[in-house]
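# Overview (structure and organization)
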Amino acid sequence: MHLWLLLLLVLAPRGEQSGAAPKAVVLLQPTLFPVFKGETVTLTCKEFHSPALGDTSWYLEGNLLKEKSEEIRVKKPGKYQCETKRSSLSDPVHVDFSPGWLILQASYPVFEGDNVDLRCWGKEDNKIIDRIYYKDEKKLDEYENKNCFTLSSVSRDNGEYHCTASRQYLWKIHKPEHSNRLRIQVQELFPPPKLTARPSEPIEGRPVALKCETSLAPQRSHIQLKFCFFKEGQALGAGWSKSPELQIPTMWSEDSGSYWCEAQTETSSIRKQSSQSQIHVQRIPVSDVNLEIRAPGGQVIEGEDLVLVCSVAKGTGTITFSWHREGRVSLGRKTERSSWAELPVFAVKERDAGRYYCTADNVHGPILSKWIVVTVRVPVSHPVITLRTPRAQAVVGDVVELHCEAQRGSPPILYRFYHEDVMLGNNSAPSGGGASFNFSLMAEHSGNYSCEADNGLRAQHSHRVTLNVIGSSRNRKGLNTAGVIGGLLSFLGLAATAALLYHFRTRMKSGGIAAAATSSCRPNESLEPSLSRPSGTGCQEPSYPESLALVELEPVYRNVNPEDSNLLYSEILRFQHAIGNSANSSRLHQQDNEPAVIYSELKKAHPEDSPRQADSSDRIHEDATENYENVPCTSSALDH
């Protein structure tokens, strides 16, 4: 019987379902088939993913055989299959035996791209002459009289072969015999790949993974495959690669189309293409449009740059952003493949303050953001200082007003006032405009004045103005000695005062004696002559002895309520009395001969003043001390 097919393999599709056990594979020995009838063929059940363990089951034409070993020897023709505990049933292998004396053999197994050896073989091969090979009934002259030859890189459909040969017995040559007809059964090296996309319906702006899935025959698992992905004829990525996967970082709507992949061997002898797959990229409409501002320090300042940022919470693909100001003023427009875009505004002006909004559109129509209010803060300009005095020439005691004002600047504004770069005080203008600072002049207040405006953005200093302060406008007259005495009275106390008043002790004139007394008036009481003194007034009466003797009188003085003012007035009286004169005569004498009355203005020393401050205060006050003669207290009556 002629073996028309070397091996008939009923092949299932490669690549079993996920989780299914791999198929077992049947291997044959010898590797050239068919064989002559009566010869033995060895079959081996193989697990290519792991070693075969445990019992092996063999089947002939679907019937279970008794053999349980991994390898069996057979002489019967038919379809053999096997399986193990960790593998599923193998594909069937058709084994046949030739009864003739001449056969055409081929190597086994044969896969796409393999080289195949063909041999014209006889039982008494040494007696064969004139071997001739044929392919599809055409003589292959190049292989005449050769025992075997090789077909390179065979394909699935390679034609039908047979051979003829003659035998020679002694000197007799028999007529040619024909071998079996052989159609080489070439197994599939790998099935056409299948293209898969994850996710299968990608969203615009997101990544996609493409995979070219196929599997090599277990007997050829050592072969390396290369893969390439295509979109409408254009290769993607870097072209051919050993990896069956391609990562696309971002898919856009224009990337929708027809995709496929190809797989090939490293020698490119076998190349197969997947079927085409349509991939549609989905676009998500924009929503939740938001406008925000970015400025240095978090606030918009005149002269600095401002950035308007328009963003969307949802939305894919190419988005067109536009910015607007109230009054439908368009500021700019940008198209980006991004969920946000920014528009810079350089050197912001105060007039740029107002309400703003932005829109976003990715073909489904523009969506508006909420309005935002942009407030532009203006740094202060150089302030102008104005010095206001009650008269053209300022004198000690005048109240002076310093006014500082910046023409531009966002409120609130803090103004600081300086005398010779030493701060006198400050005042604020919560709503803008200027601010003033008032103070009473002293002699040391002569000099330069300036001010500073600060609204937290920038501080600006004014120009300087000069003020010249002269002494008090009141007349200066009286005795310098009395002024010195008044100053000493405030510091030396009771003992020192008595010693100084001793200098003015009363002297006898025409048999009389001189007596001295002191009284005090507040600075704010008018000093007008008066001959009567009602009781309960602010000035204290001097104390006099009822009978004056020719003895040295102790000075009597009193300061009235020194806590109410920093100035005290000390009254020193000189008068004469005759010994033994009555009070009436004393009063009459006083009317006839007005005694000398001297008031001295003194500086009150505070206990908390330091010695240095007191000394400085005394020097300052020395110039401002006023002496008054013959001016009694307004509300006093000198009753002696």
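See the structure shown above.
The paragraphs below set out a description of the structure included in this document. Given the structure is predicted, the values throughout are model-derived calculations rather than measurements. Residue numbering note: each chain is counted from 1, following its sequence as written. Given that the model is predicted, a residue must reach a pLDDT of at least 70 before its local features are reported, and side-chain atom pairs must reach 80 or more before they are shown or counted; all residues, however, enter totals for whole chains, interfaces and linings. The side-chain quantities take in all heavy atoms of the structure and omit both hydrogens and water.

### A closer look at the overall build of the protein chain
Of the regular secondary structure elements, the protein chain holds 3 helices and 49 strands. Buried means the residue's accessible area, taken with a 1.4 Å probe over protein chains only, is under 20% of the maximum for its type, while exposed means over 50%, and partly exposed covers the values in between. Looking at the protein chain as a whole, 41% of its 640 residues qualify as buried. By the convention used here, residues are in contact when the closest approach between their heavy atoms is within 4.5 Å. Long-range contacts, defined here as pairs at least 24 residues apart, represent 65% of the contacts in the protein chain between residues at least 6 apart. Just so you have it, the protein chain exposes about 34,600 Å², and 50% of that area is on carbon and sulfur atoms. Under the scheme used here, helices are H or I runs from DSSP no shorter than 4 residues and strands are E runs no shorter than 2 residues, and both carry numbers assigned from the N terminus. For the accessible areas, the method is Shrake-Rupley and the probe is 1.4 Å, while residue cover comes only from the protein chains on display.

### Description of unusual backbone geometry
Cis geometry is adopted by the peptide bond preceding P109, which originates at Y108 and carries an omega value of -5°. Tracing the backbone through its elements, the reader meets P109 in the loop between β11 (102-107) and β12 (116-122). In this structure, P199 follows R198 across a cis peptide bond, with omega equal to -5°. Mapped onto the elements, P199 comes out in the loop between β20 (194-198) and β21 (208-213). Positive phi values are uncommon outside glycine, yet N145 reaches one of about 65°. Among the structural elements, N145 can be located in the loop between β14 (138-139) and β15 (148-151).

### Examining the sheet that holds strand β9 (residues 93-95)
In this description, strands pair whenever DSSP reports at least two bridges between them. The sheet built from 4 strands is open, its strands ordered β6-β5-β8-β9 with antiparallel pairing. Across the chains shown, the open sheet's two edge strands, defined by having one partner strand only, are β6 (63-64) and β9. In terms of strand pairing, strand β5 (residues 57-60) meets β6 through 2 bridges, oriented antiparallel. Within β6, the position partnered with L60 by the bridge is N63.

### A few points about the state of the cysteines
Note on disulfides: each one is a pair of cysteine sulfur atoms within 2.5 Å. Tallied over the full model, the rule gives 5 disulfides. Residue C45 pairs covalently with C82 via a disulfide, S to S 2.1 Å. Taking the sign of the S-S torsion, about 80° here, the bridge from C45 to C82 comes out right-handed. One end of the pair, C45, is in strand β4 (residues 41-46); the other, C82, is in strand β8 (residues 78-83), with 37 residues separating them in the sequence.

### Some thoughts on the environment of E304
With respect to the element layout, E304 can be found in the loop between β29 (300-301) and β30 (306-314). Separated by 42 residues in the primary sequence, E304 and F346 place their C-alpha atoms 6.8 Å from one another.

### Regarding the pairing of β30
In terms of strand pairing, strand β28 (residues 287-294) meets β30 through 7 bridges, oriented antiparallel. When the bridges of β30 are listed, V289 appears paired with V312. Of the strand pairs in this sheet, β30 and strand β33 (residues 340-345) are connected by 6 bridges, and their pairing is antiparallel. For V309, the partnering residue across the bridge sits in β33 and is E342.

### Some details on the sheet that holds strand β1 (residues 25-29)
Read from one edge of the open sheet, 3 strands run β1-β4-β7, paired in antiparallel fashion. Edge positions in the sheet fall to β1 and β7 (71-74), since each of these pairs with one other strand and no more. Geometrically, the sheet is characterised by an average inter-axis angle of 25° between neighbouring strands, direction not taken into account. Across 4 bridges, the pairing between β4 and β7 is antiparallel. Bridging across to β7, T42 finds its partner in R73. Here an axis means a line fitted to C-alpha atoms, over the contact stretch when the element is a helix, while the angle between two N-to-C directions is reported on a 0 to 180 degree scale.

### Digging into the packing of aromatic side chains
Aromatic ring pairs are reported here in terms of the distance separating the ring centres and the angle at which the planes meet. For Phe, Tyr and Trp, where Trp contributes only its six-membered ring, two rings pair if their centres lie within 6.5 Å, and the inter-plane angle classes them as stacked under 30 degrees, edge-to-face over 60, or tilted in between. Enumeration over the complete set of coordinates arrives at 8 aromatic pairs. A centroid spacing of 6.4 Å and a plane angle of 75° characterise the contact between F33 and Y108, whose relative ring orientation is edge-to-face. With F33 in strand β2 (residues 32-33) and Y108 in the loop between β11 and β12, this residue pair connects regions lying 75 residues apart in the sequence. Assigned by exposure class, F33 and Y108 land together as buried. Taking the centre distance of 5.8 Å and the plane angle of 15° together, the rings of F230 and W260 count as stacked. With a gap of 30 residues between them, F230 in strand β22 (residues 225-231) and W260 in strand β25 (residues 257-265) connect regions that are remote in the sequence. One aromatic cluster is present, built from ring pairs that chain together F417, F437, F439 and Y449. Lysine and arginine charges are scored as sitting over a ring when NZ or CZ, respectively, is within 6 Å of the ring centre and within 35 degrees of the ring normal. A cation sits over an aromatic face here: K272 above F190, 4.9 Å from the ring centre.

### Description of the side chain of H419
Structurally, the position occupied by H419 is in strand β40 (residues 413-419). The exposure class assigned to H419 is buried, which follows from its relative accessible area of 13%. Residues in contact with H419, not counting those within four places in the same chain, are L424, E444, H445, S446, G447, N448 and Y449.

Function cannot be read off these values alone, since they describe shape.
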